[in-house]
Amino acid sequence: MTFGFKNRKPSRRQFLSGAAAVGAGAVAAGTARAGDPLITEVQYWAQGFGEGVDATPYGLPIEYESDVIRRNVEWLTADTISSINFTPIHALDGTITPQGCAFERHHSGAIDLRKEDYRLMINGLVDTPLVFTYADLERFPRENHVYFCECAANTGMEWAGAQLNGAQFTHGMIHNMEYTGVPLRTILEEAGLNAAGDLSDKWVYVEGADASSNGRSIPMEKALDDVLVAFKANGEALRMEHGYPVRLVVPGWEGNMWVKWLRRVEVSDAPVESREETSKYTDTLANGISRKWTWEMDAKSVVTSPSPQSPITHGKGPLVISGLAWSGRGAITRVDVSKDGGKTWETARLAKPGERMALTRFYLDTDWDGEEMLLQSRAMDETGYVQPTKAQLREVRGLNSIYHNNCIQTWWVKASGEAENVEVS
Amino acid sequence: MSKYRKLLAGMAIAVTLATGPVAADKFGLGRPALPEEVAAWDLDVRPDGTGLPEGSGDVWTGDELFGEYCAVCHGDFAEGIDNWPKLAGGMGTLDHEDPLKTVGSYWPYLSTTWDYVNRSMPFGNAQSLTTDEVYAIVAYILYSNNLVDEDFVLSNETFPDVEMPNADGFIIDDRKTAEAHFVTEPCMANCKESVEITMRARVLDVTPETQ
């Protein structure tokens, strides 16, 4: 007779010894007066079988991690069809975001589009307007790159003050994946750009197959530089919610331009000035004038742990302070951490040297004295740009910008280990 | 615009030098797009009206259509219901706390409204309106914003006559100059005298429950 993991049945022996009570082991681990039963008693997982292969043909996280999921803030939008949710960055480590918990932003819902039904049209000022199938795209030479995708509205709810109590909600409109795709340049050259003449003042207009279209104008210089027509992320097909089968990847630039279900690229001599680049994704300053074409994402960072959803539970002593940093203008070169609300700073350790337009993980391995902290992080990128405070940003932009809030974030970590989103002077 | 053009030109030269001229070998993939295919998908309309099809619609027809297709979210008078977008009002609020951004108060180009209604509305039934219906609905949105008279007829010919109040309300991204002071040597010690907590998220209490 054997016992599988599935039902977590205690063995007869455990049952008789009384060690099967939930949590019995956890209590003993710290005190070790009579020996930890998780060690001294034979556990069912050490005796019977676990699940066989194929029990889950496509694996999901174990049930104990079921709280590490995307979450929505219902009051932000009228309906989930045109809405956004947030990556659980407080519970992740490393830099690659698993697709299954990477934030979603739809303007007309995530559509179900089969590869067989997929078409990509290149038209406008090209030598030969072309139509490609998905299979055609797979025959172009392709590249792999890791890039972050951040919604321009990430941290947007925090302009007027500390609002949302968790890194997932203040900074979770971001993900970071390894993309496989064809440079847009290759596809434009296949259609031929002689008809466009001087490329220095030309644009491409990119749009999706969904009802929203989400059309955006991109200067030709960027289109020919590093934009990818991507069909894989983290090694597997894109998820429906991220644009399956094909999305645009626009490194370092606001997520709204990363058009999903990409169906058309038009070469033109002027921007379209679509809804998404006039009425939205423009940044209104205090004097009522608005910035447009604010494509690049400024250097930014956040401590992901400890944070409101990831409190310190172990008391004083060794503590790993960890977070993420990124810049749309290149690589992160340094991250500083302050425990006193910005009076003094110490330089954190980067897990790996920063990579251009990709998330960088930082750690500050510290010894916590158990006193409260006002925890902040401050990123620097290869251009020498230093992540500003919210006060510095407000000085230039006022309170109504909505987008591109890259301010330094403060978590008030209390003696209890709990943390809260606060603003400091 | 002129400043931006110069910037683009400079960058384009750099790209060309780095990667060679744009006249690469072709792979012979894909097939020519047929004219009717391009016509079916190339629907976008530019600020100068390029891309507008022939047609027209008047305010009162637009009023009826708006009531039928749009008012459920945007309200009978384009004033918006609940969290759905308000399309009218908000004039003169852009420099206020919480500005009201509508087609009338904020959108710089009429083409954007026509393009979006034509391509993406009504919500849940996009591309179901006829060309004349789109003209009529856009005419009604303009009327709701007091931008045209009640007898106005919007057409591809009257389109250039409409002036959008916030047409001059935009500047091109100036972060490189306006925020040049963020490129600096960061302070490491004695950066400020004292630190006070000035605002707390928990007091506001608008965070969803996650447990």
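Every value quoted in this text rests on a predicted model; they were computed, and no experiment measured them.

> For this particular structure, what's the right way to read the sheet that holds strand S21 (residues 360-368) of chain A?
By way of backbone hydrogen bonds, the strands of a sheet pair with one another, either parallel or antiparallel. Residue and element names in this part refer to chain A. Strand order in the open sheet made by the four strands is S16-S17-S21-S20, with antiparallel pairing throughout. Of all strands in the sheet, those bounded by a partner on one side alone are strand S16 (300-305) and strand S20 (349-350). Note: strand S17 (residues 317-326) against S21, nine bridges, orientation antiparallel. Pairing of Gly 317 across the sheet is with Trp 368, part of S21.

> Would you take a moment to explain the UniProt feature "domain: Moybdenum cofactor oxidoreductase dimerisation" (unreviewed entry) in chain A for this structure?
UniProt records the feature "domain: Moybdenum cofactor oxidoreductase dimerisation" (unreviewed entry) for residues 291-410 of chain A in the present numbering. Here residues 291-410 of chain A is 7% helix and 40% strand, with 27 Å between the C-alpha atoms at its ends.

> Help me understand unusual backbone geometry, please; the structure alone is not making it clear to me.
Where the residue is not glycine, phi is negative for most of them; where a peptide bond is considered, it is trans in most cases. Cis geometry marks the peptide bond from Ser305(A) to Pro306(A); its omega dihedral reads 0°. In this fold, Pro306(A) is placed in the loop between S16 and S17. In this model, Met121(B) is joined to Pro122(B) through a cis peptide bond whose omega is -5°. In this fold, Pro122(B) is placed in the loop between helix H5 (110-120) and helix H6 (131-144). Phi angles above zero are rare outside glycine, and Trp261(A) is one such case at about 50°. One non-glycine residue with positive phi stands out, namely Ala78(B), at about 65°. Relative to the helices and strands, Ala78(B) is located in the loop between helix H4 (71-74) and H5.

> When you look at the nonpolar core in this model, what are you seeing that I'm missing?
Generally speaking, a soluble globular protein has its nonpolar side chains buried in company with each other. By size, the foremost hydrophobic cluster in this structure holds 93 residues, and its most contacted members are Leu120(A), Leu137(A), Leu188(A) and Leu262(A). Each residue touching Leu262(A), except ones within four places of it in the same chain, is listed here: Tyr118(A), Arg119(A), Leu120(A), Val206(A), Glu207(A), Gly208(A), Val229(A), Val246(A) and Leu248(A). If you look at the next biggest cluster of nonpolar residues, it comprises 36 residues, including Trp107(B), Tyr135(B), Val148(B) and Leu154(B).

About the thresholds
- Residues numbered from 1 in each chain as written.
- Chains lettered and ligands numbered in written order.
- Predicted model: local features only at pLDDT ≥ 70, side-chain atom pairs only at ≥ 80, totals over all residues.
- Heavy atoms only, no water.
- Pairing = 2+ DSSP bridges.
- Helix = DSSP H or I, 4+ residues; strand = E, 2+ residues; numbered from the N terminus.
- UniProt positions renumbered as here; feature names shortened; annotations may be inferred.
- Core = buried A, V, L, I, M, F, W, Y, C linked by side-chain atoms within 4.5 Å.
- Buried < 20%, exposed > 50% of the residue type's maximum accessible area, 1.4 Å probe, protein only.
- Contact = heavy atoms within 4.5 Å.

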